[in-house]
Number of protein chains: 2
Amino acid sequence: MIKDSSEFKTIRYEKGEPATRTDMVPRESSIDIYLCGTRLVTLQASPNQLIELAVGFLLSEGLLETLSEYETASIDAESKEVRVEAKNRSKVLSRLLDKGDVIRTSGCSRGMSFGGYDMIGKVNSDLSVSTEKIKTMTREMLKAADLHNACGGVHCSALVKGSEVISMSEDIGRHNTIDKIVGQCSLKGIDMSEGFLLTTGRISSEMVAKCARSRIPVIASMTSPTDLAIRIADKLGVTVVGYVRGNRITVYTHADRITN
Amino acid sequence: MIKDSSEFKTIRYEKGEPATRTDMVPRESSIDIYLCGTRLVTLQASPNQLIELAVGFLLSEGLLETLSEYETASIDAESKEVRVEAKNRSKVLSRLLDKGDVIRTSGCSRGMSFGGYDMIGKVNSDLSVSTEKIKTMTREMLKAADLHNACGGVHCSALVKGSEVISMSEDIGRHNTIDKIVGQCSLKGIDMSEGFLLTTGRISSEMVAKCARSRIPVIASMTSPTDLAIRIADKLGVTVVGYVRGNRITVYTHADRITN
């Protein structure tokens, strides 16, 4: 049984007072799905119900037309590979070839990342941000989020420098909001290394990598980071803050940048 | 200026009473990003700040190393293509070739879809579900969502038949939750055409397509559908219900399956 959550030591500020705690965060794994020996896709997923995930993915995408085509599935728990075999192997393989024009999608995520976190240098920054400022600026961001306020169902991110929202974006995709901010700041010649990023969405490993590539030292979300995001942020020198809600705020990595 | 929200006629049940309304929903567009003439990726995104999105994506993924490599960008508003040209074309193109081992990711979405909605037959079902049952079963799903309740930051979906949760899943990716349910039900030989699907996450076009492929006639979410999800659900015969919250519930398509 692969566990789908991990424990981390965190610092939670409640009504201004910091306290060391142990918090649970959802795990994020890269799951490779093979069909008849062909690697089809790598999904970032919670490591539970992996055979169900693989079989459901293949059926949902029409790569298996019905369950009658399914033969067996096996999981390699260590490598997180799920291998599905089909009964009519040649027919299934020819269908794979027909599906050449793959749409890589966003949904609320990007849908594509080129990996290579090792190539990203560690973020060195002596930026210091107070919990009060993170909470205040999150409220400011939400006030200005026109699309979010009109429809819901979208994510919002903002880059803050000093006490000002320098760049803001809204999108149905979490990752797209960060890309839009990186694009806007870069085109305007704004140095992101002195700012911090606020977002409504979950912090995944890719979100942390995007910040690190743009030298953004702090990312704060209204919801949870994943375990992989925390591990990568720890390594890349990014401060991860989660659960910015009401009077609470939780710091997961590089807590020295967060003040009371 | 490309609008990032659309208006739809909806039926909102408030304290049991249905009323016809006009609601705003976020738009979902397929954005093709080209770099030096090469089509790189199709993102499902909100159609705003598209040049920022493309430039930020290229920088975040290391396909442009710094903005100094950026030359120009143009948008074709009709085809939703963003074309970015780089100054050092041959260097950038060789970098693209080096990035061969693409990780297609999920984040909170899948990150990969094979399209082909036209191949999915219309869902014909005389299933009838009351607003009360949708609300009650959503509460039941949330009660049973162990990972969600322990950590937050994950999505949850459930397939309900009659008054019973037949299948349930939790995942950091919205799409993965549906794939897990489709996989579980298929492996168990459960006919999904007589059930309805509950989910915590936004309903995108791909979520509707997944339901239609498995002949699930009703999908209900605690948050919003996108405009593209509504249009595709209308065509494929899927009932879309959104904003299942407290005493409210909003029906976007095929409202004849929803009773008071």
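Source: prediction; values computed, not measured.

Caption draft 1: The arrangement of the overall build of chain A in detail. Scanning chain A from terminus to terminus reveals 7 helices and 14 strands. With 260 residues in all, chain A has 62% of them scored as buried. For chain A, the share of sequence-separated contacts (at least 6 apart) that also reach a separation of at least 24 residues comes to 52%. With the model as given, the accessible surface of chain A reaches about 9,700 Å², and the carbon-plus-sulfur share is 48%. Computed over 34 positive and 33 negative side-chain charges, the separation of the two mean positions in chain A equals 2 Å.

Caption draft 2: Quick look at the pairing of strand β6 (residues 81–86) of chain B. Residues and elements named next belong to chain B. Taken together, the 4 bridges between strand β3 (residues 29–35) and β6 define a ladder with parallel strand orientation. Looking at the pairing, L35 lines up with V84 of β6. The turn joining strand β5 (residues 70–76) and β6, which pair antiparallel and follow one another in sequence, is formed by 4 residues; a positive phi near 60° is taken by K80.

Caption draft 3: Summary view of the packing of aromatic side chains. All names here are of chain A. Per the counting criterion, the structure on display carries 0 aromatic pairs over all chains. Positioned above the aromatic ring of Y34, the side-chain terminus of R83 is 3.9 Å from the ring centre. Positioned above the aromatic ring of Y243 is the side chain of R248, whose terminal nitrogen or guanidinium carbon lies 6.0 Å from the ring centre.

Caption draft 4: Representation of the packing of helix α5 (residues 174–188) of chain A against helix α6 (residues 205–213) of chain A in the model. All names here are of chain A. Taken N-terminus to C-terminus, the directions of α5 and α6 make an angle of 5°; their axes are 10 Å apart at the nearest point. In terms of axis orientation, α5 runs roughly parallel to α6. Touching R174, H175, I178 and D179 of α5 are E206, M207 and K210, all from α6. Residues that form the contact of α5 with α6 fall into these classes: 2 nonpolar, 1 polar and 4 charged.

Thresholds applied
Residues numbered from 1 in each chain as written. Chains lettered and ligands numbered in written order. Predicted model: local features only at pLDDT ≥ 70, side-chain atom pairs only at ≥ 80, totals over all residues. Heavy atoms only, no water. Helix = DSSP H or I, 4+ residues; strand = E, 2+ residues; numbered from the N terminus. Buried < 20%, exposed > 50% of the residue type's maximum accessible area, 1.4 Å probe, protein only. Contact = heavy atoms within 4.5 Å. Areas by Shrake-Rupley, 256 points an atom, 1.4 Å probe, with all protein chains shown as cover. Lys, Arg positive; Asp, Glu negative; His and termini not counted. Charge placed at Lys NZ, Arg CZ, Asp CG, Glu CD. Pairing = 2+ DSSP bridges. Phe/Tyr/Trp six-rings, centres within 6.5 Å; stacked < 30°, edge-to-face > 60°. Lys NZ or Arg CZ within 6 Å of the ring centre and 35° of its normal. Axes fitted to C-alpha atoms, helices over the stretch in contact; angles between N-to-C directions. Parallel < 35°, antiparallel > 145°, perpendicular 65-115°, else oblique. Nonpolar A, V, L, I, M, F, W, Y, C, P; charged D, E, K, R; others polar.

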